[in-house]
Amino acid sequence: MQTYKVFADYHTHTYYSHGKGSPRDNVLSAIKRGLDLVAVSEHGPGHLTYGVRGKKLARLNGELASLCREFEGSIDVRRGLELNVTGFGKTDCPADRDAYDVIILGYHKGVAPVNRLALHIWGESLLKIKGDPHRNAEGILAAAESCRADIISHPNLYLKVDIPYMAECCRQMGILLEVNSSRVTLSRDELLAIKRAGCGLIIGSDAHTPERVGDFALASEAVSDAGVWDIVKNARPE
Ligand SMILES: [Zn+2]
Ligand SMILES: [Zn+2]
């Protein structure tokens with residue numbers, strides 16, 4: 001049977017937010033796992049409790065730039081950011097968005113809504129008011145368009161979205177959907193629908209400790225079960 005190797009981890013956190021290790025620890029762990037590429041993609045500035053912003057974000061970016069130089073030739077170190085959906089079509093994207101190598105967008109709790117349309121989304125998540133997965137997808141897709149996201153992390157987490165619709169739009173927009181290896185949020189049927197839509201997947205560890213960088217076990221199991229390795233953009237046959 002054909003096996004696949006995931007060679008890049010675009011989704012890792014550090015002690016700059018609520019993770020445990022340093023950016024350097026993540027890089028060393030990625031090398032140990034035999035990855036070709038690792039990104040540190042901290043929580044965006046809009047998260048009330050663990051968003052990285054201001055001078056702290058500048059310090060992190062400086063650290064990543066020097067790690068990139070130091071490890072040149074042994075691993076590709078990238079500067080990422082996991083932005084928050086702050087409302088319908090809204091994110092906490094910083095003004096220097098283009099200085100980042102990879103922009104992930106995720107729906108998280110703990111973000112102050114910035115417009116009234118967001119209440120629709122927040123109502124479902126916090127007050128358990130039943131929302132419309134199609135409308136939820138539209139809100140997140142509009143947000144992804146506004147920040148020109150590369151990846152949408154853990155779709156369905158905290159907020160159910162219409163995956164076939166999201167996948168169709170993401171194919172058109174060139175956005176990848178994440179199979180999150182901390183908690184798989186996509187069912188087998190949804191993974192198959194993503195493939196049918198011609199949309200690509202990306203596997204991310206969402207590591208909050210250095211030990212978990214490059215840990216793709218849960219996501220790999222889900223991808224194998226659905227038989228969709230061929231659409232995983234950060235995996236290759238081995
Ligand atoms: Zn997240
Ligand atoms: Zn994350």
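Here is what the cut-offs are and how they apply
Residues numbered from 1 in each chain as written. Chains lettered and ligands numbered in written order. Predicted model: local features only at pLDDT ≥ 70, side-chain atom pairs only at ≥ 80, totals over all residues. Buried ≥ 20, exposed ≤ 12 C-beta atoms within 10 Å, placed from the backbone. Helix = DSSP H or I, 4+ residues; strand = E, 2+ residues; numbered from the N terminus. Pairing = 2+ DSSP bridges. Right-handed = clockwise from strand over helix to strand, strands pointing away. Core = buried A, V, L, I, M, F, W, Y, C linked by C-beta atoms within 7 Å. Contact = placed C-beta atoms within 7 Å.

Here's the deal with the pairing of strand β4 (residues 76–87)
Burial analysis of β4 places 10 of its 12 residues in the buried class, the great majority of the element. Where strand β3 (residues 37–43) lies against β4, seven bridges are found, and the strand directions are parallel. In the sheet register, Leu-37 faces β4, and the bridge partner there is Asp-76. Crossover β3 to β4 through helix α2 (residues 54–70) is right-handed. Relative to strand β5 (residues 90–91), β4 is paired through two bridges, and the arrangement is antiparallel.

A closer look at the nonpolar core
Counting residues in each nonpolar core, the largest one holds 61 residues, and the members touching the most others are Leu-105 and Ile-203. With residues near it in sequence (within four places) discarded, Leu-105 still touches Leu-83, Val-85, Thr-91, Ala-143, Ala-144, Cys-147, Ala-149, Ile-152 and Ser-153.

Considering unusual backbone geometry
Residues apart from glycine generally show negative phi values, whereas peptide bonds are mostly found in trans. Phi angles above zero are rare outside glycine, and Asn-156 is one such case at about 90°. For Asn-156, a count of 21 C-beta atoms within 10 Å corresponds to the buried category. The backbone of Asp-206 sits at a positive phi, close to 55°, despite the residue not being glycine. Inspection of the secondary structure assignment puts Asp-206 in the loop between β9 (201–204) and α7 (217–226).

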